[in-house]
Amino acid sequence: MPHHILVIEDEPTLSRLLSYNLTQEGYTVDTAETGGDGLLAASGRKYDLIVLDIMLPGMSGFEVLTKLRQQGDRTPIIILTARNAESDIVQGLKLGADDYMTKPFGVAELLARVSAVLRRSRPDEADPDPDEGQEKIIAVGDLKIYPEKYEVVLAGESIGLRPKEFEVLLYLVQRPGMVVTRDDLMNVVWGFDYVGGQRTVDVHVSSLRKKLEMNQQSVRIDSIRGVGYKLVIAKK
Ligand code: CA
């Protein structure tokens, strides 16, 4: 049974982005645009996790959180707060949130938090899938990626990547041979309203490419002029 996640977020672009990426990860996702609808959805069924924006029209995320905990609902909740709103984070955690993300954030980081919170929330659950307890490894060509350790091994040798380079590679590797746009990478790795510009993406890809080429020629990243990038696995 896939984990069922409720996303309560009024910003349509972010809601769609989260929903799309969580679904890609294999979760079942419901969305709500207001605090009232979110509370209704959460009260109507048992979710495995809730992603809850604090700044919502009408009923705020704090009120939703408070009401759910008052109802005895212990569903793990990750709150989304505005940048530099430390008091919001403190209040959210006091009210019973399990974790938080400050906007803007990269979807890759949120996915990591979701997975960590889900794992934490079910420590005693009997493991129905013998593989599940083992570490996830993504293997493409000579490349092995350990998502939980942020570690990459190419042709038997570990290569050191910065966290953002790692997240770019992980995203490309999950879409081999497909063109990934700079916008996609920007949204997923840096956050949908990141203001650093596409140059940031290019700099990280360029550095990542050098590190890959230093070790082996079996995996490379092609630039697609004016569009973005593509991971290519060389045929042996
Ligand atoms: Ca909002």
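What you see as residue numbers is a count from 1 along each chain, following the sequence as written. Under the rules for a predicted model, residues below a pLDDT of 70 receive no local features and side-chain atom pairs below 80 are neither given nor counted, while totals for whole chains, interfaces and linings still include all residues. Note that water and hydrogens are dropped before the side-chain values are worked out from all heavy atoms of the structure.

(A) Highlighting the coordination of the calcium ion. Coordination shells were defined by N, O and S atoms within 2.8 Å of each metal, extended to 3.2 Å for Na, K and Ca; water is absent from the atom set, which can make sites look incomplete. The calcium ion binds to the protein through Asp10 (OD), Asp53 (OD) and Met55 (O), with metal-donor distances spanning 2.1 to 2.3 Å. Considered as a linear motif, the donors of the calcium ion on their single chain read D-x42-D-x1-M. Residue Asp10 is found in the loop between β1 (4-8) and α1 (12-24), and its partner Asp53 is found in strand β3 (residues 49-53); the two are separated by 43 residues along the sequence. Its relative accessible area of 29% is what places Asp10 among the partly exposed residues. Under the relative-accessibility criterion, Asp53 is labelled buried at 3%. Counting from the N terminus, the helices are DSSP H or I runs at least four residues long and the strands are E runs at least two residues long. Type-normalised accessible area, obtained with a 1.4 Å probe on protein chains alone, sets the label of each residue: buried when under 20%, exposed when over 50%, and partly exposed for intermediate values.

(B) View of the environment of Asp88. Mapped onto the fold, Asp88 is located in helix α4 (residues 86-94). By relative accessible area, which is 17% here, Asp88 ends up buried. Expressed as a C-alpha distance, the spacing of Asp88 and Leu185, which sit 97 residues apart in the sequence, is 28 Å. Contact between two residues is taken to exist if any of their heavy atoms lie within 4.5 Å; hydrogens are not considered. In contact with Asp88, not counting residues within four places along its chain, are Ile54, Phe62, Ile79 and Thr81.

(C) Just the nonpolar core, in detail. Membership of the largest hydrophobic core comes to 50 residues, with the highest contact counts inside it found for Leu18, Val114, Leu143, Ile145 and Leu169. Residue ranges assigned to the domains are those given by an automatic or database domain assignment. Domain assignment of the residues forming this core places at least three in each of domain 1 (4-121) and domain 2 (138-233). Residues contacting Leu18, with those up to four places away along its chain left out, are Val7, Val51, Leu80, Phe105, Val107 and Leu110. Buried Ala, Val, Leu, Ile, Met, Phe, Trp, Tyr and Cys residues that are joined via side-chain atoms within 4.5 Å together make up what is termed a nonpolar core.

(D) Molecular detail of the packing of α1 against helix α5 (residues 107-121). A fitted line through C-alpha atoms represents every axis, and for helices the fit uses only the stretch in contact; the resulting angles, taken between N-to-C directions, go from 0 to 180 degrees. It is the contact of α1 with α5, at a shortest axis distance of 11 Å, that shows an interaxial angle of 55°. When the interaxial angle is binned, α1 and α5 end up oblique. Note that α1 runs across α5; the crossing there is right-handed. Along the contact surface, α1 presents Leu17, Leu18, Asn21 and Leu22, while α5 presents Val107, Leu110, Leu111 and Val114. Three categories are distinguished: nonpolar for Ala, Val, Leu, Ile, Met, Phe, Trp, Tyr, Cys and Pro, charged for Asp, Glu, Lys and Arg, and polar for the others, with Gly belonging to the last. The class makeup of the residues in the contact of α1 with α5 is 7 nonpolar, 1 polar and no charged. Angle categories: roughly parallel below 35 degrees, roughly antiparallel above 145, roughly perpendicular from 65 to 115, and oblique for all the rest. Throughout, a crossing is termed right-handed when the near helix is turned clockwise from the far one, and left-handed when it is turned anticlockwise from it by less than a right angle.

(E) Here's a closer look at the pairing of strand β2 (residues 28-32). Strand pairing is defined by DSSP finding a minimum of two bridges between the two strands. Pairing analysis gives 5 bridges linking β1 to β2, with the strands arranged parallel. From the neighbouring strand, Leu6 faces β2, where its bridge partner is Asp30. For the crossover from β1 across α1 to β2, the handedness is right-handed. A crossover counts as right-handed when, viewed with the strands pointing away from the observer, the path leading from the first strand over the helix to the second turns clockwise.

(F) A look at the side chain of Asp99. Within the element layout of this structure, Asp99 appears in strand β5 (residues 99-102). If we skip the residues at most four places from it in the chain, Asp99 touches Ile77, Ile78, Ile79, Leu93, Arg113 and Val117.

(G) View of the packing of helix α6 (residues 163-173) against helix α7 (residues 182-190). Relative to each other, α6 and α7 sit at 125°, their axes nearing to 10 Å. The angle between α6 and α7 falls in the class oblique. As for the relative orientation of α6 and α7, their crossing is right-handed in sense. Mapping the contact onto sequence places Lys164, Glu167, Val168 and Tyr171 in α6 and Asp184, Leu185, Val188, Val189 and Trp190 in α7.

(H) Examining α1 more closely. In this analysis, the expected span of each helix is defined as 1.5 Å times one less than the number of residues it contains. For α1, with 13 residues, the first-to-last C-alpha span of 18 Å sits near the 18 Å given by 1.5 Å per residue. Those residues of α1 not exposed but buried are Leu14, Ser15, Leu17, Leu18, Ser19, Asn21 and Leu22. Looking one or two residues beyond α1, the residue adopting positive phi is Gly26, at roughly 100°.

(I) Summary view of the pairing of strand β12 (residues 228-233). Two elements, strand β10 (residues 179-181) and β12, share 3 bridges in a ladder whose sense is antiparallel. Note that in β12 the partner of Val179 across the bridge is Lys230. For strand β11 (residues 219-224) and β12, the ladder comprises 6 bridges, and the chain directions are antiparallel. The partner of Ser223 across the bridge, within β12, is Tyr229.

(J) Broad picture of the sheet that holds β2. Here we have 5 strands laid out as an open sheet, ordered β2-β1-β3-β4-β5, and parallel in their pairing. A single partner strand is all that each edge strand has here, and the edge strands are β2 and β5. Direction aside, the axes of adjacent strands within the sheet are offset by 20° on average. Most of the contacts of α1 go to β2, to which it runs at about 165°, and overall it touches β1, β2, β3 and β4 (77-81).

This is a description of form; function is not addressed.
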